[in-house]
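# Notes for the structure review
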Amino acid sequence: MTQELWRLSATDMAARVARRDVSSTELVRSCLLRLDEVNPRINAIVDVLADSALEAAAAADAAIARREPVGPLHGVPVTVKVNVDMAGLATTNGVVAFKDLVAREDSPVVANLRKAGAIVIGRSNAPAFSYRWFTDNDLYGRTLNPWDAGLTPGGSSGGAAAAVATGIGAIAHGNDLGGSIRYPAYACGVAGLRPTAGRVPAYNPTQTRDRTLAVQLASVQGPLARTVGDLRIALAAMAAPDARDAWWMPVAPDAPFGDDTRFPARVAICASLPGTPADDAVSDAVRQAARWLEDAGCVVEEAVPPRVGDASALWLKLVTNEARSGLADVIMTHGDDAIRTAFGSQRRLAPVLDLVGYMDALAERTALLRAWQAFFQRYPLLLMPVSCRRPFAIDEDQRGDDAVRRIVDAQSPLLATALLGLPGLSVPTGLCDGVPMGVQIVAGRFQEALCLKAGEAIEARAGVHTPVDPVSRDAGRAA
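The notes below deal with the structure included here.

Our focus in this paragraph is the pairing of strand β12 (residues 424–432). Summarising burial for β12: seven of the nine residues are buried, a large majority. In this structure, β12 lies alongside strand β13 (residues 435–443), joined through eight bridges in antiparallel fashion. Across the sheet, the residue bridging to G424 is V442, located in β13. Linking β12 to β13, which pair antiparallel, is a turn of two residues; within it D433 sits at a positive phi near 55°.

Mapping T341 onto the fold places it in helix α12 (residues 337–349). Looking at T341, the relative accessible area reads 33%, which means it is partly exposed. In the structure, T341 is positioned 144 residues away from A197 in sequence and 29 Å away in space, judged by C-alpha atoms. When sequence neighbours within four positions are dropped, the list of residues in contact with T341 reads D397 and Q398.

Tallied over the full model, the rule gives eight aromatic pairs. For the ring pair Y131 and F343, a centre distance of 5.6 Å and an interplane angle of 75° mean the geometry is edge-to-face. You can see Y131 sitting in the loop between β3 (119–124) and β4 (136–137) and its partner F343 sitting in helix α12, a full 212 residues away along the chain. For the residue pair Y131 and F343, the accessibility class agrees, reading buried in each case. By way of ring pairs, the aromatic residues F134, Y183, Y186 and F392 are connected into one cluster. Over the ring of W6 we find R34; its NZ or CZ atom is 4.0 Å from the centre of that ring.

Okay, the side chain of D230 next. In this fold, D230 is placed in helix α8 (residues 228–238). Polar contacts involving the side chain of D230 include one to the side chain of T11, which spans 2.7 Å.

This part covers the pattern of salt bridges. Overall, the coordinates contain 29 salt bridges when judged by the stated rule. A salt bridge links R132 to D395; the shortest N-O distance between them is 3.2 Å. Residue R132 is located in the loop between β3 and β4, and its partner D395 is located in the loop between β11 (381–384) and α14 (401–410); the two are separated by 263 residues in the primary sequence. Between D401 and R348 there is a salt bridge whose closest N-O contact spans 2.9 Å. Separated by 53 residues along the polypeptide, D401 in helix α14 and R348 in helix α12 bring together distant segments of the chain. When its relative accessible area of 56% is taken as the criterion, R348 is described as exposed. What emerges from the salt-bridge pattern is a single network uniting R132, D136, R142, D395 and D397.

Moving on to unusual backbone geometry. Leaving glycine out, the prevailing phi sign among residues is negative, and the prevailing peptide bond configuration is trans. S156 follows G155 through a cis peptide bond whose omega is 5°. Relative to the helices and strands, S156 resides in the loop between β5 (141–142) and α5 (158–165). P264 follows F263 through a cis peptide bond whose omega is 5°. Phi angles above zero are rare outside glycine, and R20 is one such case at about 65°. With respect to the secondary-structure elements, R20 resides in the loop between α1 (10–19) and α2 (24–42). Judged by relative accessible area, which is 42%, R20 ranks as partly exposed.

Scoring rules and cut-offs
- Residues numbered from 1 in each chain as written.
- Predicted model: local features only at pLDDT ≥ 70, side-chain atom pairs only at ≥ 80, totals over all residues.
- Heavy atoms only, no water.
- Buried < 20%, exposed > 50% of the residue type's maximum accessible area, 1.4 Å probe, protein only.
- Helix = DSSP H or I, 4+ residues; strand = E, 2+ residues; numbered from the N terminus.
- Pairing = 2+ DSSP bridges.
- Contact = heavy atoms within 4.5 Å.
- Phe/Tyr/Trp six-rings, centres within 6.5 Å; stacked < 30°, edge-to-face > 60°.
- Lys NZ or Arg CZ within 6 Å of the ring centre and 35° of its normal.
- Polar contact = N/O pair within 3.5 Å; in protein donor to acceptor, adjacent residues only side chain to side chain.
- Salt bridge = Lys/Arg side-chain N within 4 Å of Asp/Glu carboxyl O.

If you want it as structure tokens, here you go:
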């Protein structure tokens, strides 16, 4: 029985622990056994925390025995990405030079997961500086996509997605500056939620200075899981207040921001973006999901959101120019060959902005967000691709500037929505030629509840295809 407990959803795990049907120790042992079985084949978890996890599980079981009040994730095994602070552990961010950067305290998202009762069993892999849609670095090696080792598991939360897809923990923590939750979820066939900017508190006590403005406006912390329902309880846990984040908003997880929050809702469907045609499999998945939403009672209409290409291009300009202020030097000094190559291409693709140009770009962001908010007044939900292409081949961003240009164009549905700080849900729609396929659901600010309801309607028809056993391929550079 213990060996199969790792298959349970987080919601089911928490309910069973609360009813005393199963102990937290049994759950943690089961997930650790699963980790031992599959992680050597995919290299998703790069720091196994077995001893501390079992200690925490014993404490969780003792709290249940004393009939103390428990949190929504009490006893549930989870994983946390290597780019957020966990007390006593190094915040490496996939960089060799940071292997001794040991945190003295937890970041807000880790503290909130612990307060909710979650038990961290391991740390998930990321590319160097968490700055690629591929997960590989010189410190830990490559994470493999469990469905196809020749495809990226996504990035930067590729380790998180691969872990949860294979049953290593019921919930994985990730973060998303330009698709780093939603794209790995898409590539690995799991669900991933990018919350609204300000919903989940974020801060790394190890950082020596605060991040630049556009990055602060676009970057969020959020969950990945095998079911949409598990994203809901994970969001509730992660979104607890923390005074260290100046952008955090006191919005309850199930309390939408605005008036039109009903589901079924009016849905805009955009199966392919102007100027960036989507792969047939991508468009087909969006149209199939639209039919499922229609069956659920939604009114579905073809509509293109405002200036997606402009918003995506603005992400590239703002984030890259901010990186030029300091991060670029750190990447070139301490980064591995892969991140230097990929970032070098990105930097050459982004025009240099002077101060006036930077201020104008931030002003343009406000105008774009205003236009999108007006769009959501008519269409509370937007159904669109996660990426305009199926998951990329490994290291496609190492093939020169033209290849990176094509990648950036394909990721415009991710970049545009990240720049505007909007919530986005990546939800699987099934398999295409043995590889996961999925769609993205976007809504107005703080409308995560509406995204999740639509995601559950799609999931009910598509089914859940994880956990999955990794394909039997050579692990290459995997540690």
